[in-house]
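Secondary and tertiary structure notes
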Amino acid sequence: NAGVMQNPRHLVRRRGQEARLRCSPMKGHSHVYWYRQLPEEGLKFMVYLQKENIIDESGMPKERFSAEFPKEGPSILRIQQVVRGDSAAYFCASSPTGNTDTQYFGPGTRLTVL
Amino acid sequence: GENVEQHPSTLSVQEGDSAVIKCTYSDSASNYFPWYKQELGKRPQLIIDIRSNVGEKKDQRIAVTLNKTAKHFSLHITETQPEDSAVYFCAASINTGTASKLTFGTGTRLQVTL
């Protein structure tokens, strides 16, 4: 699972700025999931993507959040006009297929909004 | 949607004793149940998983049991060691045929004392 890469590891933004979080899945994996972890809480599903497709975004806030997984390059989670409540650890996970296969997590991006 | 409850929230055991963490889930369609270990500031790491076609799985000092009728599953750690100290999360996944997002429990903080 060391193959899932996320950057940056730490990101500090002021209220109203944009945050871009990147995730490169393990080699051979074409499915990416994003989860958010608030301090002292469990992980909450946000979105599930395959190359160029959003499969399930039922956990994404309706406003300010978007995700993509282009044909080339990493998956990106974008948060516009950040607020203090967005401060959390954002983890991505990847799997070779989408149906109950094991998900391997990246090291996370810890977003702090000042 | 799926709901996963996890107990206890904290657990303290002496080195060498056993630890048991229990989870219940709400949706009988769930068919994949992984357990993750998360050390402070680190990524969740898969330690064991079980699918709905088996009732028990063991890997060295770690075992997981599944009772589909009662919709609960448990993690058992025997001969605990200080390095087992971490937060443990259970999760459940529903195979919809296209997506397999994980629904996590709220975590159990395990402390193994000398």
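Described in the following lines is the structure provided in the data block. (Residues numbered from 1 in each chain as written. Chains lettered and ligands numbered in written order. Predicted model: local features only at pLDDT ≥ 70, side-chain atom pairs only at ≥ 80, totals over all residues. Heavy atoms only, no water.)

**Examining the side chain of Arg43 of chain B**
Within the secondary structure, Arg43 of chain B sits in the loop between strand 4 (30-38) and strand 5 (45-51). No salt bridge forms around the buried Arg43 of chain B; measuring N to O, its nearest opposite-charge neighbour Glu39 of chain B is 11 Å away. A polar contact is formed between the side chain of Arg43 of chain B and the backbone oxygen of Phe105 of chain A, at a distance of 3.0 Å. (Helix = DSSP H or I, 4+ residues; strand = E, 2+ residues; numbered from the N terminus. Buried < 20%, exposed > 50% of the residue type's maximum accessible area, 1.4 Å probe, protein only. Lys, Arg positive; Asp, Glu negative; His and termini not counted. Salt bridge = Lys/Arg side-chain N within 4 Å of Asp/Glu carboxyl O. Polar contact = N/O pair within 3.5 Å; in protein donor to acceptor, adjacent residues only side chain to side chain.)

**What to know about the interface of chain A and chain B**
Size of an interface, as often reported, equals the accessible area lost when the parts are brought together. Tallying the contact residues gives 27 residues for chain A and 24 residues for chain B. Together chain A and chain B conceal approximately 2,000 Å² of surface at their shared face, both sides included; 48% is due to carbon and sulfur atoms. In this structure, the connection of chain A to chain B is made through one salt bridge. Note that Asp56 of chain A and Lys101 of chain B form a salt bridge whose closest N and O atoms lie 3.8 Å from each other. Counting across the interface, chain A meets chain B through eight residue pairs in polar contact (both at pLDDT 80 or more). Only strand 4 (31-37), strand 5 (43-50) and strand 6 (53-56) of chain A provide two or more residues apiece to the side of chain A that touches chain B. The dominant element in the side of chain A that touches chain B, judged by the number of residues it contributes, is strand 5 of chain A, at four residues. Its residues assigned to classes, the side of chain A that touches chain B comprises 11 nonpolar, 11 polar and five charged. (Contact = heavy atoms within 4.5 Å. Buried area = accessible area lost by both parts, 1.4 Å probe. Nonpolar A, V, L, I, M, F, W, Y, C, P; charged D, E, K, R; others polar.)

**Quick look at the packing of aromatic side chains**
According to the stated counting rule, one finds 12 aromatic pairs over all chains in the structure shown. Judged by centre distance (4.9 Å) and plane angle (50 degrees), the ring pair of Phe33 of chain B and Phe73 of chain B falls under tilted. Of this pair, Phe33 of chain B sits in strand 4 while Phe73 of chain B sits in strand 8 (residues 72-77), placing them 40 residues apart in sequence. Residue classification places Phe33 of chain B among the buried positions, given a relative accessible area of 0%. An aromatic cluster of at least three residues, connected via ring pairs, comprises Tyr35, Phe45 and Phe105 of chain A together with Tyr36, Phe89 and Phe104 of chain B. (Phe/Tyr/Trp six-rings, centres within 6.5 Å; stacked < 30°, edge-to-face > 60°.)

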